[in-house]
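What follows is the residue order along each chain.
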Amino acid sequence: MDEGGDNRVTALSRGEGLAAWRQIADGLEGEIRAGQLAPGAQLPTEAALAARFGVNRHTVRRALAVLAERGLVRATQGRGTFVEAPRLAYPIGPRTRFSEIVSRAGREAWGDLIAAAEGPAEAEVAADLGLPPGAAVLDLLTVHRADGTPISTARTCLPLPRFAGFDRAYAALGSITRAYAEFGVADYTRLSTRIGARLASAEEAARLDLAPGRVLISLASVNVDADGIRIQATRGLFVADRVELVVEG
């Protein structure tokens, strides 16, 4: 530790069998665990870290990749590398609302509409919505964020013509619940939830600012309105390192 109280690891052990990138990754992890690099903090640039540790940028890049694989940092295209926030406790119950859950945790919630299309329902979606195969549905692809960090991505299908234009409401409001209010749905409840897990594809990893191959928690859910009519079938993928699902009785 120097006179200013900075106990960051800067000197690497040479010739002791431990690769430089591993030492850098372990040193930065120690700083994250100790709170010296706070959740949401941006790490120095690769060039700055290379100068600090006396290595080339390729070595730093490998160390940062290891930290991303450990779920400690995320690399954001064009912005840099940031320390991951603590896992978000995410209750799964009769009234699961992303925006409310995130707001209760003291974080800002928002949903981005990635794509929307109208078309015939696939057999599984039609069954979930209680519709005949091929019935018209609105298909939304979305990403949901807490303080700007992607938490989940989802494909959501809604029956037509009841929810024609829902995509525009969602794009403007950033919330399924607020968009439903525009269509006269003041309340809705969860009919069923199926939980699984799988690895992220390259496309999903890019959408979620995630290292490829990280674990995603999959949720297939169906929601109904106050009259018990099925209004939403969703296939959601949550970043396992960023959420902790809590199943409520």
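What you see is a predicted model, and the numbers here were worked out from it, not measured in a lab.

I'd like a description of the pairing of strand 2 (residues 80–83), backed by residues and values.
Across a regular strand the side chains alternate sides, sitting on one face of the sheet and then on the other. When strand 1 (residues 73–76) meets strand 2, the two strands line up antiparallel, connected through four bridges. Bridge pairing in strand 2 places Ala-75 opposite Thr-81. Linking strand 1 back to strand 2 in an antiparallel pair, the connection comprises three residues, with Gly-78 at a positive phi of about 80°.

Can you explain the nonpolar core? Please cite residues and give values.
With 22 residues, the main nonpolar core has Ile-24, Leu-28, Phe-53, Leu-64, Leu-67 and Val-73 as its most contacted residues. For this core, the secondary-structure elements that each account for two or more residues are helix 1 (20–33), helix 2 (46–53) and helix 3 (57–69). For this core, the leading source of residues is helix 3, giving six residues. Those residues in contact with Leu-64 that sit more than four places away from it in its chain are Leu-28, Leu-43, Glu-46, Leu-49, Val-73 and Thr-81.

So, unusual backbone geometry: which residues are in play, and what are the values?
In this structure, Pro-161 follows Leu-160 across a cis peptide bond, with omega equal to 10°. Structurally, Pro-161 is set in the loop between strand 6 (149–159) and helix 6 (166–173). In the Ramachandran plot, Asp-147 falls in the positive-phi region, its phi being about 55° despite a non-glycine side chain. Relative to the assigned elements, Asp-147 resides in the loop between strand 5 (136–146) and strand 6. What makes Asp-147 partly exposed here is its relative accessible area of 47%. Despite not being glycine, Asp-209 has its phi angle at roughly 50°, a positive value. Position of Asp-209 relative to the elements: it lies in the loop between helix 8 (202–207) and strand 8 (215–225). Overall, Asp-209 belongs to the buried group, its relative accessible area being 16%.

Cut-offs applied
Residues numbered from 1 in each chain as written. Predicted model: local features only at pLDDT ≥ 70, side-chain atom pairs only at ≥ 80, totals over all residues. Heavy atoms only, no water. Pairing = 2+ DSSP bridges. Helix = DSSP H or I, 4+ residues; strand = E, 2+ residues; numbered from the N terminus. Core = buried A, V, L, I, M, F, W, Y, C linked by side-chain atoms within 4.5 Å. Buried < 20%, exposed > 50% of the residue type's maximum accessible area, 1.4 Å probe, protein only. Contact = heavy atoms within 4.5 Å.

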